[in-house]
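What follows is the residue order along each chain.
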Amino acid sequence: MASATLLKSSFLPKKSEWGATRQAAAPKPVTVSMVVRAGAYDDELVKTAKTIASPGRGILAMDESNATCGKRLASIGLENTEANRQAYRTLLVTPPGLGQYISGAILFEETLYQSTVDGKKIVDILTEQKIVPGIKVDKGLVPLTGSNNESWCQGLDGLASREAAYYQQGARFAKWRTVVSIPNGPSELAVKEAAWGLARYAAISQDNGLVPIVEPEILLDGQHGIERTFEVAQKVWAEVFFYMAENNVTFEGILLKPSMVTPGAECKDRATPEQVADYTLKLLHRRIPPAVPGIMFLSGGQSEVEATQNLNAMNQGANPWHVSFSYARALQNTCLKTWAGQPENVKAAQDALLLRAKANSLAQLGKYTSDGEAAEAKEGMFVKNYVY
């Protein structure tokens, strides 16, 4: 009773004060101000994104770092010299008619400023073929402190000034690759770090006239099934779009480069192209706004044929986005082996590149068939803990 009396006398208002108390407690109107970014490049960004996401065309990813390019060259017995890198990159950008199937090419910084072996700027060669030049802008993966042996992508420091220079050199889109590992969790920390980094990069890129390719790659490493990949992908893309909205990114002026929803590379239960398409399209419909003009899938270690078959299966019906490809190894593998560093093989190697580019062009239109594909093109290219 003593406690009750104390409560009444000390904390509760008298009946005569009830009205005043209610009046005092009434919330005051709150004015909320929102700042919506209207960038100087918005119209150009939308136009560039639509150009890259044009029917029957996709992206040639040739942005391997010099170290990774060296590994590719070593596989055919060549040294990692600037001259050999130049020769290979010249081969990739000069096939006649490449622009019929390729709308954009992602370059490494060295390549953006590089000329062909004949002395013509690579950027000019691409532009003449109506291929939009792009540039890899991240600075690679480093360990993420406090995580479960996971990584984060560095490169935001100085990004604005670098991208301003890339724009002046002729680049019109950018790429930033971060990764999420399913066997390592993924932890909440790693997912949020990946999403925030991508969002900041996307906003900075648009502010400097470059269409950002947003790429949170969910690595193929692991024994997990396709359901687990789907679960993680939903979480990752929800975070990515939340933070892009927080950073006022214009969705009409971006492109996405997601992983397809597949089982882990070491999973015994493999998925058919139809299953991959079903899970991947379900993910896209749940997470990707139709304002986004293009979904340019990475191949992620799939074989050349597998990547093309899966893309073709996703284009058997109408989609609200341009569903296409941004392949590196899945376009280059047979081409590189055919070339073997020999000048007399350049024509045959370029024919191999055109063959794969045309196959994926048909897949973007939903008209591909694997009849007549070589056995080599069906060989998987998965590399555990793959880095660029």
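Residues numbered from 1 in each chain as written. Predicted model: local features only at pLDDT ≥ 70, side-chain atom pairs only at ≥ 80, totals over all residues. Heavy atoms only, no water.

**Some thoughts on the pairing of strand E9 (residues 294-297)**
The alternating pattern of E9 places Gly294 and Met296 on one face and Ile295 and Phe297 on the opposite face, and all of these are buried. Here strand E8 (residues 255-256) runs beside E9; their pairing, made up of 2 bridges, is parallel. Note on E9: the bridge partner recorded for leucine 255 is glycine 294. Handedness of the β-α-β unit built from E8, helix H11 (residues 273-287) and E9 comes out right-handed. With 4 bridges joining them, E9 and strand E10 (residues 322-327) adopt parallel strand pairing. Considered in E10, the bridge of isoleucine 295 is made with valine 323. Each parallel crossover has a hand, and for E9 linked through helix H12 (residues 304-314) to E10 it is right-handed. (Buried < 20%, exposed > 50% of the residue type's maximum accessible area, 1.4 Å probe, protein only. Helix = DSSP H or I, 4+ residues; strand = E, 2+ residues; numbered from the N terminus. Pairing = 2+ DSSP bridges. Right-handed = clockwise from strand over helix to strand, strands pointing away.)

**Some thoughts on the packing of helix H8 (residues 159-169) against helix H9 (residues 188-207)**
Close contact between H8 and H9 brings their axes to 9 Å; oriented N to C, the two are set at 45 degrees. In terms of axis orientation, H8 runs oblique to H9. Crossing handedness for the pair H8 and H9: right-handed. Contacts between H8 and H9 involve Leu159, Ala160 and Glu163 from the first element and Tyr201, Ile204 and Ser205 from the second. Taken together, the residues of the contact of H8 with H9 sort by class into 4 nonpolar, 1 polar and 1 charged. (Axes fitted to C-alpha atoms, helices over the stretch in contact; angles between N-to-C directions. Parallel < 35°, antiparallel > 145°, perpendicular 65-115°, else oblique. Left-handed = near helix turned anticlockwise from the far one by under 90°. Contact = heavy atoms within 4.5 Å. Nonpolar A, V, L, I, M, F, W, Y, C, P; charged D, E, K, R; others polar.)

**Some points on the pairing of strand E1 (residues 58-62)**
Buried residues dominate E1, accounting for 5 of its 5 residues. For E1 and strand E2 (residues 102-107), the ladder comprises 5 bridges, and the chain directions are parallel. Across the sheet, glycine 58 pairs through a bridge with isoleucine 102, a residue of E2. Here E1 pairs with E10 via 2 bridges, running parallel. Within the sheet, the bridge partner assigned to leucine 60 lies in E10 and is tyrosine 327.

**Quick notes on the sheet that holds E1**
Ordered by their spatial adjacency, 8 strands build a closed barrel running E1-E2-E3-E6-E7-E8-E9-E10, and the pairing between neighbours is parallel. Of the strand pairs in this sheet, E2 and strand E3 (residues 132-136) are connected by 4 bridges, and their pairing is parallel. Following the sheet pairing, glycine 104 is matched in E3 by valine 132. The sheet contacts of helix H13 (residues 329-339) involve E1, E2 and E10, and relative to E1 the element is tilted by about 60 degrees. Helix-sheet contacts for helix H14 (residues 346-364) involve E2 and E10, and the interaxial angle to E10 is about 160 degrees.

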